[in-house]
Every structure is written in C-alpha cells, then in structure tokens.
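Coordinate analysis (summary)
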Amino acid sequence: MSLASDTVSELRRLLGETNVLTEKEDLIPYSFDGTAALQELPGCVVFAQTTEQVVAILRLANRKRTPVVTRGSGTGLSGGSLPTPHCLVLCLSKMNRVLELDRANLTLLAEAGATTQTISDAAAAAGLFYPPDPGSMKISTIGGNVAENSGGLRGLKYGVTRNYVMGLEMVLPDGETLWTGNKCVKDVAGYSLRDLFIGSEGTLGIITKVLLKLIPKPAAKKTMIATYAQMDHAAQTVSQIIAEQIIPCTLEFLDRITIQCVEDFARIGLPLDCEALLLMETDGHEAAVAEEALKMQAIALKNGAREVRVAKDETEAAKLATARRSAFSALARVAPTTILEDATVPRSELARMIRFVQAVAKKHHLRIGTFGHMGDGNLHPTFLTDERNTAEMMRVEEAFKEIFEEAIRLGGTITGEHGIGVAKKTFLPKFAGDAQMRVMRELRKALDPNGILNPGKMFD
Ligand SMILES: Cc1cc2nc3c(=O)[nH]c(=O)nc-3n(C[C@H](O)[C@H](O)[C@H](O)COP(=O)(O)OP(=O)(O)OC[C@H]3O[C@@H](n4cnc5c(N)ncnc54)[C@H](O)[C@@H]3O)c2cc1C
C-alpha cells in the first residue's frame, strides 16, 4: 500500500522526483531480498545520496511513525531488507563512493552503498588488502556487510567484517548523526557503540559511512583442492591442519550433491563419485606458503584424500576456487526454490553435524546440498525445494527446526553470518536466553523508542 500523499510529496521535495518510487511495477524489485519464499510490497522506495538526506528522511519518518527498512543491494539471506507492510524502503545504493584511502594509517573511508568489490579493488589498487570476501561481494554493499557482520571465504585466517571496521557514521532513528570509532589503533573511551551497531541488521540506526582497516597484501598464495570418498576424512584433514598450527586463509568444503551441481554448472573437471571436496588456500610470504602447501597436501593424503590438485598458476587457482564460489548459484539452478541455511558448530563437531543434516534430509525425504566454511564450522545446508509444494515446505520447516536444535545442542549457533532478520527470529529466544533477549530489547527501545527501524525483524 502507498504512503500518505503528504509524506510522498515531502519525500519528493527532499530527494527529487527520480529518487522516490511509488508505482507498483517499480516497487516489485524491492519487495524481496535473497531469502527464498518471502515477499512484501513496500509503500515506497527512496534513494538517498547524502547523509543530510538520510537525516531528513528519518526526521520525517520518525515524526510520521513510518516504518523504515534500510536496503543495500538486497542480497541478504535472512529477510533483513524484506519490506514490512506500508514501509518506506531507504536504499543506499547511490551512496557508493570511496571517499579516502589513507596510506599512512592503512584505512579506507567509504559511503555505505559502495560494493564490497569496490572496496576490495580500491585497496588492491593501492597495493593493500581488504580480506572479508562474502560470496556476494560483487553486489553486496559495505553497509549491508557491516549491518550483518558478514563473513566470507577467508574468515578462518582473517576474521569477519567486524575485525576491519574502525569507525562508523550512523544516523539514529530521530535523525541525529553520530560518529563512533576513529583511525586510532587503540581507543577504549566509553562503550564501543561501533561494536553495538555492527550486526544490528538495520534495527538501531542507519550506517552512512564506514572507516575500514586495510592490511598489507600477502606476497604469495597457493590454491588446491582435495577430494574424498568419505566426509569424515575431509573433517579429519581440517582438524589435523589446525592441530599442526597451520591457519590457511581458506578451508571450504562441498558435499556430493553440491559437487555434482557445480560440475554440471561450471565444468571444472571435478570427480562426480566423491563424497566431499576441500578447497584449501594458504597465503603469506612465498617460502612459508610453499612449506604450508606441501604440509597441507601431505595431511590431506594421510587422511584419505583420493587426489590433491594444486593450481599451477593464478588462472588455474581461480578455476579451482570457482568450485566453491559458484556453489550457491549451481544449487539454485536445480530446483524452483533454494533455501540456504547457516548453522554453525564448533569445528570439532562439524563431521557429526554434517551427518546429522544428511540424516534429516533422508528422514524428511528432502534434497539438501551442503557446503560451507569448514575451517569456521559454518555450514550452509541448502534445501532444493519448491515453495508451491505445501506438504514439502512443512517438511522443510520441520527439518530446519531439527537442524538448529542440534546446532545449539552441539554448542553452536543458529547463524554464523547471515543474521536473524525474519528467517531466524523464532529461534533467537531459545538460543539467546531471557537475559540477553531483555537487554537486546531494551537497547532497541532506548535507541528507537518509536520502533520505526526495521520493525518485525530480529524480535518476534
Ligand atoms: C550468492 C550469495 C552469496 C552470499 N555469500 C555470503 C557469504 O559468503 N558470507 C556472508 O556473510 N553472507 C553472504 N551472503 C549474504 C549477503 O550477501 C550478506 O548478508 C550481505 O552483507 C548483504 O549486503 P546487502 O548490501 O545486500 O544488504 P541487504 O540485503 O540490502 O541488507 C541486509 C541487512 O542489512 C541492513 N542494512 C543494509 N544496509 C544498511 C545500512 N547502510 N545501514 C543499516 N542497515 C543496513 C538491512 O536493513 C538488512 O537488515 C550471500 C548472499 C548471496 C545471495
């Protein structure tokens, strides 16, 4: 439904005609994100181009009590930027500039709508490195990455988005602007509001600028894949690599269904009769990389790998990495509805969790392809289903429940990187417990007393 006409007129006055969308056919592309089976038309979509415009929009929305759903590129996988009924979608994709690269302090300042790829390229052009690399990085925005605290394929060695955020410009729900953090390597003045806003999923304030830490670019990298007849052997390889005190930058896995879909999609020459594939990458000083790569090959073979393929050059390395980077797209081709999940367990429980997911798939007669960040214990069981099949969707729901309960039982979490949004909000109280839920609700109320930011997300 559209917003009150005086609100729309005021938005047009503030932003200009072309930055306010109200026609149904214009709203449809903003009625969903990357999460399957969720859709809701917003009241209108607006594009801000400056922090001052974000301030003006929020002042208006707060006065009118209009719900605001902030959107980067809409690649989220928990329904975080799914519109709530009659809301205003505030899209930051036009605030996409890199504002400064400071070589003396190794920092980069960007507007929140800059894509992750733009950040990565800007760092690389200066001979530096921005490590977080979510699979969606060509499209996702840095604001979305911060709001979800996104991870990526290099998380095991380099950490997640939070580890690179030094400062944020935030606009609060009443339109007040604040800066939290700075270029100092050390700063313990007051509560770390920066850390509170990271991962807040658009419920506490709007990120308009991000100050990021950059690091020196690793001099060398080696990429290899190992294939296994048994998933347990891949898991043992991961455990032994870590036990030998090697921290590869990438330790990713695919299960049999995913390998078959990837091969069908990308034609990399993967064996179709294996149970598991590990993508392993080590980076750093050339001599250390060469030594670690040899050790990792030996560990893989000792733990039952059928074959280890080492990339001869960058072209082959990119080809092997495609096996993992294209996993979601490859799975998404084979069924009308692809639901990608995000259960995470301590590394030591990974093989057990993968077996559990396979047993759940069998029990509920479902197709689940699993891939993910094996070094982080972060699994993406991906349901290949059809949202029009009501009976099957009920079995999918039941399977979800069992998988998340098992993850919690094994000391894991209900989301390692995709966030709570709408998709996981019913599981959060069980995971977080009463005291954490109360503190989180009170924080939200303190910052957004009128509840205009992303209502219905994270909390039931
Ligand atoms: C193919 C594919 C691969 C993916 N791979 C990964 C992966 O490897 N790792 C990973 O962690 N995720 C991954 N994702 C999920 C998703 O890309 C990330 O969550 C990403 O950070 C979302 O960015 P976005 O700009 O699309 O945000 P959106 O989807 O638009 O928004 C996500 C959330 O952030 C909020 N938000 C967005 N911008 C702002 C802002 N400026 N201020 C305040 N709140 C804001 C929104 O309200 C919403 O709650 C993947 C998704 C896809 C489709």
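Scroll up to find the structure this text is about.
This one's a predicted model, so the numbers in the text were calculated from it and none came from an experiment.

The seven strands lie next to each other as β15-β12-β14-β13-β17-β18-β16, forming an open sheet whose pairing is antiparallel. The sheet terminates laterally at β15 (305-310) and β16 (337-340), the two strands that pair on one side only. Each strand axis lies, on average, 15° off the axis of its neighbour in the sheet, ignoring direction. Direction of pairing for strand β12 (residues 220-228) relative to β15: antiparallel, over a ladder of five bridges. The residue bridging A226 from the neighbouring strand is V308, located in β15. Where helix α9 (residues 256-266) meets the sheet, it contacts β13 (250-255), β14 (276-284), β17 (367-373) and β18 (378-385), and its direction lies at approximately 90° from that of β13. Sheet strands in contact with helix α13 (residues 350-363) are β13, β17 and β18, and its direction is about 10° off that of β18.

A few words now on the packing of helix α8 (residues 231-243) against helix α10 (residues 286-302). Where α8 meets α10, the closest approach of the two axes is 9 Å, and the angle between their N-to-C directions is 140°. In this view, α8 runs oblique relative to α10, as classed from their interaxial angle. The way α8 lies across α10 gives a crossing that is right-handed. Here T237, Q240 and I241 of α8 lie close against α10, whose contacting residues are M296, I299, A300 and K302. Residues of the contact of α8 with α10, tallied by class, amount to four nonpolar, two polar and one charged.

Burial analysis of strand β8 (residues 165-171) places seven of its seven residues in the buried class, which makes it a mostly covered element. Relative to strand β10 (residues 206-213), β8 runs antiparallel, the two being bridged by six bridges. Bridge pairing links V171 to I206 in β10. Pairing between β8 and strand β9 (residues 177-181): five bridges, direction antiparallel. In the sheet register, M170 faces β9, and the bridge partner there is L178. Linkage of β8 to β9, two consecutive antiparallel strands, is achieved through a turn of five residues, within which G175 is found at a positive phi near 95°.

Bringing the sheet that holds strand β2 (residues 44-47) into the picture now. Across the sheet, four strands lie side by side as β1-β2-β4-β3; this open sheet has mixed pairing. Here the strands that pair on one side only, and so sit at the sheet edges, are β1 (20-21) and β3 (68-71). Here two bridges tie β1 to β2, and the two strands are oriented antiparallel to one another. Bridge pairing in β2 places V20 opposite V46. Strands β2, β3 and β4 (88-91) of the sheet are contacted by helix α3 (residues 51-64), whose axis makes an angle of about 165° with β4.

It is worth spelling out the nonpolar core at this point. By size, the foremost hydrophobic cluster in this structure holds 53 residues, and its most contacted members are A226, Y228, L278, M280, M353, M374 and F383. Sequence-distant contacts of Y228, that is, excluding residues within four places in its chain, are made with H233, A234, T237, C274, E275, A276, L278, A300, N303, G304 and A305. Of all hydrophobic cores here, the second largest spans 51 residues; its members include L3, L90, L128 and I142.

It is worth spelling out the site of the ligand at this point. Around the ligand there are 33 residues in total, and T70, T75, S136, T141 and S150 lie nearest to it. Between G80 and the ligand, the recorded distance is 3.3 Å, taken from a backbone N or O atom to an oxygen atom. At a separation of 2.9 Å, an oxygen atom of the ligand approaches a polar backbone atom of G135. Taking 970 Å² as the accessible area of the ligand by itself, protein coverage stands at 94%. Elements with a contribution of two residues or more to the shell around the ligand: β3, α5 (142-148) and β10. In terms of residue count, the dominant contributor to the shell around the ligand is α5 (five residues). Across the shell around the ligand, the residue classes break down as eight nonpolar, 21 polar and four charged.

How each quantity is defined
Residues numbered from 1 in each chain as written. Predicted model: local features only at pLDDT ≥ 70, side-chain atom pairs only at ≥ 80, totals over all residues. Heavy atoms only, no water. Pairing = 2+ DSSP bridges. Helix = DSSP H or I, 4+ residues; strand = E, 2+ residues; numbered from the N terminus. Axes fitted to C-alpha atoms, helices over the stretch in contact; angles between N-to-C directions. Contact = heavy atoms within 4.5 Å. Parallel < 35°, antiparallel > 145°, perpendicular 65-115°, else oblique. Left-handed = near helix turned anticlockwise from the far one by under 90°. Nonpolar A, V, L, I, M, F, W, Y, C, P; charged D, E, K, R; others polar. Buried < 20%, exposed > 50% of the residue type's maximum accessible area, 1.4 Å probe, protein only. Core = buried A, V, L, I, M, F, W, Y, C linked by side-chain atoms within 4.5 Å. Near = heavy atom within 4 Å. Polar contact = N/O pair within 3.5 Å; in protein donor to acceptor, adjacent residues only side chain to side chain. Areas by Shrake-Rupley, 256 points an atom, 1.4 Å probe, with all protein chains shown as cover.

No statement about biological role is implied by the geometric values presented.
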